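Residue-level structure breakdown
Okay, here's what each chain looks like letter by letter:
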Amino acid sequence: ELKEIVFIIQSQSNSFHSKRAEDLKRDILKQAADLGKVLPTVLLIHEMDGHEGAWTILPLMRDFSVTYGRNSSWIFFCEEDTRIQVVKLLETLGRFDGSKEWFLGKALYDEESTIIHHYAFAENPTVFKFPDFAAGWALSIPLVNKLAKKLKSEPLKSDFTIDLKHEIALYIWQKGEGPHLTPVPEFCTDDVNSYKVDHCATTFSNFLPLCGEPVKKEDVFVAVKTCRKFHGDRIPVVKQTWEREAALIEYYSDYADISIPTIDLGVPNTDRGHCGKTFAILERFLNHSSPRTPWLVIVDDDTLISIFRLRKLLSCYDPNEPVFLGERYGYGLGTGGYSYITGGGGMVFSRIAVQKLLASKCRCYSTDAPDDMVLGMCFSGLGIPITHSPLFHQARPMDYPKGYLSHQTPVSFHKHWNIDPVKVYFTWLAPSTEESLNGKKVGYNREDL
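Here the structure is a predicted model, which means the values were calculated and not measured.

**Things to note about the overall build of the protein**
- Along the protein, the regular secondary structure elements total twelve helices and 24 strands.
- Against the compact-globule benchmark of 22 Å for 449 residues, the protein has a radius of gyration of 22 Å, which places it among compact chains.
- For the protein, the C-alpha atoms occupy an extent of roughly 70 × 50 × 45 Å along the three principal directions.
- Side chains of the protein carry 50 positive and 57 negative charges; the gap between the two charge centres is 1 Å.

Laid out in structure tokens, this is it:
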């Protein structure tokens, strides 16, 4: 029965995202009403009070167990852009015995072991499957009850949340004692308009959001963090690739080099975190850039980014809101920690977010503290939620499953390690698949990378 499914939408409180989640909730309830069914429960993650880490889902298991453990059969999780055919979803879940422990989803796997997953299953990473959240995924109530019981006796450790879909699958797997992910072919990430979707219970809107005209080039100020030792190898890559897309760009270093040119912020380079440098950049943006420039992007010198796509994405956000946008990580969320935007994929700030941050007394506890984590801590203390976009990437394209990237239009990747970064840029991020590089047309096949 439809009333036995609890739908959980991975929503966010930012106005653009919360509206999309509300639209999906309305659509699910309308489909249920049209079927003449008792309406199911549809919950939005960002409305679940008291959980800074609600988005990591596991801290909610005890609540789910207590509230829905008796009268429900399934908890079905989806993204705000997942599209659901309720009748097909009912048929699909009906094939499984809801009195047993089931973990259902569209299976992803690593082709090679990666740093993102701490080189898990190094001998053969393809053996471990984890769900593509975009397609939706489901837990049977007996499994939810079991997880809730386990979490009661063994609280989540206070450490990092980096790739939630992999980490949840690992937790459920319990070193081989728990259920493996069961792949469900009806959970799809094909676009709703694709000819392939007739059998699908779920589809995914796999486009780069665009809400009107892209923001103007002059509305985005780009700050590149660098240091003297990387002027010779990393900065030329930026100049060969995405620099031309930025109207306003400055390079911040520990040494003023007029050939680039770089600006010496008076903050010495550190081997660990770069908190002092980042806060100096924020102060400079507020005090020296045009007050009419609403957006700041801070990237590393080995970040590959499409400013062209970022301008499209930013058309969906209100610069009058405090926006802190990028790829979300978590620290200590099982024990009252905080979420943060990981720096390598790029950190995007609205001017008002920078104003509110600097008006507060929150600052680096040391110059070499990790800037992204300190910013997360500060914004959390200010009650300003961070905004996650899966289009920003802390690692290289080959560090992600092909199936995951296949329904994305990425905005950034990070690191030059063991890759040709120019080739990666023109394959994945350039404004068109064919770009003029040194006067020659180049086009690369993603499969080659």
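So, next bit.
**Examining the sheet that holds strand 17 (residues 324–326)**
- Taken together, the seven strands give an open sheet; going across it, the order is 14-13-12-15-20-17-21, and neighbouring strands pair in mixed fashion. Edge positions in the sheet fall to strand 14 (262–264) and strand 21 (387–388), since each has one partner strand and no second.
- Looking at chain direction, strand 12 (residues 220–225) and strand 15 (residues 295–300) are connected through six bridges and run parallel. Each bridged residue has a counterpart across the sheet, and for Val 220 the counterpart in strand 15 is Trp 295.
- Against the sheet, helix 9 (residues 351–359) contacts strand 15 and strand 20 (347–350), and its axis sits at roughly 85 degrees relative to strand 20.
- Against the sheet, helix 10 (residues 371–381) touches strand 12, strand 17 and strand 20, its axis set at about 35 degrees to strand 20.

**As for the environment of Thr 342**
- With respect to the helices and strands, the residue Thr 342 is situated in the loop between strand 19 (338–341) and strand 20.
- It is 32 Å that separates the C-alpha atoms of Thr 342 and Val 184, two residues lying 158 residues apart in sequence.
- Setting aside residues no more than four positions away along its own chain, Thr 342 makes contact with Glu 327, Tyr 329, Met 347, Asp 372 and Gln 394.

**Some remarks on the packing of aromatic side chains**
- Counted by the stated rule, this structure contains 23 aromatic pairs.
- A centroid spacing of 6.0 Å and a plane angle of 55 degrees characterise the contact between Phe 221 and Phe 285, whose relative ring orientation is tilted. Of this pair, Phe 221 sits in strand 12 while Phe 285 is found in helix 7 (residues 275–288), placing the two residues 64 residues apart along the sequence. Across this residue pair, the class does not change: Phe 221 and Phe 285 are buried.
- Taken together, the ring pairs in this structure connect Phe 64, Phe 77, Phe 103, Phe 133 and Trp 137 into an aromatic cluster.

**Topic: the UniProt feature "domain: Fringe-like glycosyltransferase" (unreviewed entry) in the protein**
- In the numbering used here, UniProt assigns the feature "domain: Fringe-like glycosyltransferase" (unreviewed entry) to residues 68–152 and 214–424.
- The distance from the first to the last C-alpha atom of residues 68–152 is 17 Å, and the span holds 26% helix and 24% strand.
- Between the first and last C-alpha atoms of residues 214–424 the distance is 24 Å; the span itself is 27% helix and 21% strand.

**Some remarks on the pattern of salt bridges**
- According to the stated counting rule, one finds 18 salt bridges in the structure shown.
- Lys 19 is the partner of Asp 23 in a salt bridge, and the nearest nitrogen-oxygen pair spans 3.0 Å. Here Lys 19 and Asp 23 lie together in helix 1 (residues 15–34), a separation of four residues that amounts to about one turn.
- Given a relative accessible area of 29%, Asp 23 falls into the partly exposed group.
- Residue Lys 19 is classed as exposed on the basis of its relative accessible area of 53%.
- Lys 146 is paired through a salt bridge with Glu 101; the nearest N and O atoms lie 3.3 Å apart. Within this pair, whereas Lys 146 is found in helix 4 (residues 141–153), its partner Glu 101 is found in the loop between helix 3 (86–94) and strand 5 (103–105), the two being separated by 45 residues in sequence.
- In this structure Lys 146 comes out as partly exposed when scored by relative accessible area, which is 26%.
- A cluster of three or more residues bridged by salt bridges with shared partners is formed by Lys 19, Asp 23 and Arg 26.

Criteria and cut-off values
- Residues numbered from 1 in each chain as written.
- Predicted model: local features only at pLDDT ≥ 70, side-chain atom pairs only at ≥ 80, totals over all residues.
- Heavy atoms only, no water.
- Helix = DSSP H or I, 4+ residues; strand = E, 2+ residues; numbered from the N terminus.
- Rg over C-alpha atoms; globule rule 2.2 N^0.38 Å.
- Lys, Arg positive; Asp, Glu negative; His and termini not counted.
- Charge placed at Lys NZ, Arg CZ, Asp CG, Glu CD.
- Pairing = 2+ DSSP bridges.
- Contact = heavy atoms within 4.5 Å.
- Axes fitted to C-alpha atoms, helices over the stretch in contact; angles between N-to-C directions.
- Phe/Tyr/Trp six-rings, centres within 6.5 Å; stacked < 30°, edge-to-face > 60°.
- Buried < 20%, exposed > 50% of the residue type's maximum accessible area, 1.4 Å probe, protein only.
- UniProt positions renumbered as here; feature names shortened; annotations may be inferred.
- Salt bridge = Lys/Arg side-chain N within 4 Å of Asp/Glu carboxyl O.

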